[in-house]
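What follows is each chain in one-letter form.
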Amino acid sequence: MSWFEFDWVDAFSDRAFGGNGCAVVHGGAALTEDVCTAYVRETSLVECTFTGPSDIADVRVRYFLASREIPFAGHPTIATVAAMKSRGLFSGDSLILETGAGLVSIQLNGDEIEMTQVAPKFGAHVSADLVASAIGLSEDAIISPPQMVSTGLPFCITVLRDHETLRAARLAEGPLREVAAAAGYSGSDMAEPFLVTLQGATAGGDTFSRLLLAPPSPPEDPFTGSATGAMAAYLWKYGLMDKDTFTAEQGHDMGRPGQATVTRVGPPDAMTGIKVAGRGHVLMRGQVNLPDQF
């Protein structure tokens, strides 16, 4: 057993209880996957991060769901940088993170933390009727062909016609596994539909989104930074967003409003990266006593 310092950060928010929470365990990157996933389940958060030294970047960051390790995640990246900044663990206004998806560049603009996600990869199209069955909606609620897109982590980007259909969506785990199989993945937590509408939750937003999750994760993610990057890439590729920079919103109906500024790097037909920026509020900090094995 060893004691580790941790910070609990609300990411994509500048206030307590907004955006999406993440616990950042400093110096815990050498812990086993079983210990890390058990810790995520203990917190009841969607994801947690564990940091450590890196030979190729300023810090190594490992990302965990309650079920497994993943190569990258957006809101935990914002949370990790906010936690490190609050502890004075780096100087200057930029740093490089070593992640399972590659090196991620971070730029600080005042209180806003901007990450440059890797160039988008566009994967398989998934039939609209199959996606509709996985989210409990009729096929005509989907206004653009769903497609797997990744800027570090894959999501099935699904554009819905309005807020009413967005709010009516309910996850069906059986059909979700069929979506995953159709997209070439073996688990339902590899192909969650990221549901987006082309109207903000507030007057200041350009998009409003939801991400419904399968067990053992909580049923819905308050804000999803990696999916926001993938969603933005999809909108630009198919001409559904005419702004080079826009404001993405998520979590408002959960009482956890979150907001990100999203910027395209490169032209719509040859994007080299997606910048996703937001703030982080350190809610609590302390120590956690974790075993070497679980």
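Residues numbered from 1 in each chain as written. Predicted model: local features only at pLDDT ≥ 70, side-chain atom pairs only at ≥ 80, totals over all residues. Heavy atoms only, no water.

**Things to note about the pattern of salt bridges**
As a reminder of what qualifies: Salt bridge, as used here: a side-chain nitrogen of Lys or Arg that lies within 4 Å of a carboxyl oxygen of Asp or Glu. Here a helix means four or more residues in a row that DSSP labels H or I, a strand means two or more in a row labelled E, and each is numbered from the N terminus. When accessible area is computed with a 1.4 Å probe and restricted to protein chains, residues below 20% of their type maximum are described as buried, those above 50% as exposed, and intermediate ones as partly exposed.
One pass over the full model with this rule turns up 15 salt bridges. For E5, the salt bridge goes to R87, with nearest N and O atoms at 3.4 Å. Here the residue E5 occupies a position in strand β1 (residues 2-11), and R87 occupies one in the loop between α2 (74-86) and β6 (94-99), the gap between them amounting to 82 residues. A relative accessible area of 26% means that R87 is categorised as partly exposed. Among the salt bridges present, the one from K275 reaches E114, with a minimum N-O distance of 3.9 Å. Here K275, found in strand β17 (residues 273-278), pairs with E114, found in strand β8 (residues 112-118); they are 161 residues apart in sequence, far enough to count as distant.

**Observations concerning the packing of aromatic side chains**
Inclusion rule: By convention, a stacked pair of Phe, Tyr or Trp rings (six-membered ring in the case of Trp) has centres within 6.5 Å and planes under 30 degrees apart, an edge-to-face pair has planes over 60 apart, and any other such pair is tilted. By definition here, charges over rings are those cases where NZ of Lys or CZ of Arg is within 6 Å of the ring centre and within 35 degrees of the ring normal.
Per the stated rule, a full pass over the model turns up seven aromatic pairs. An aromatic cluster is defined as three or more aromatic residues linked by ring pairs; in this entry it consists of Y39, F50 and F64. Across the ring face of F122, the terminal group of K237 is positioned such that the distance to the ring centre comes to 4.8 Å. Cation over ring: K237 sits above Y238, and NZ or CZ is 5.7 Å from the ring centre.

**Some remarks on the pairing of strand β4 (residues 59-64)**
Threshold: Pairs of strands are assigned from DSSP output, requiring at least two bridges between the strands.
Burial analysis of β4 places five of its six residues in the buried class, the great majority of the element. Pairing of strand β3 (residues 48-52) with β4 involves five bridges; the strand directions are antiparallel. Across the sheet, residue T49 finds its bridge partner in β4, namely Y63. Here two bridges tie β4 to strand β5 (residues 69-70), and the two strands are oriented antiparallel to one another. Along β5, the bridge assignment pairs F64 with E69. In this structure, the hairpin formed by β4 and β5 is closed by a connection of four residues.

All we've got here are geometric facts, nothing functional implied.
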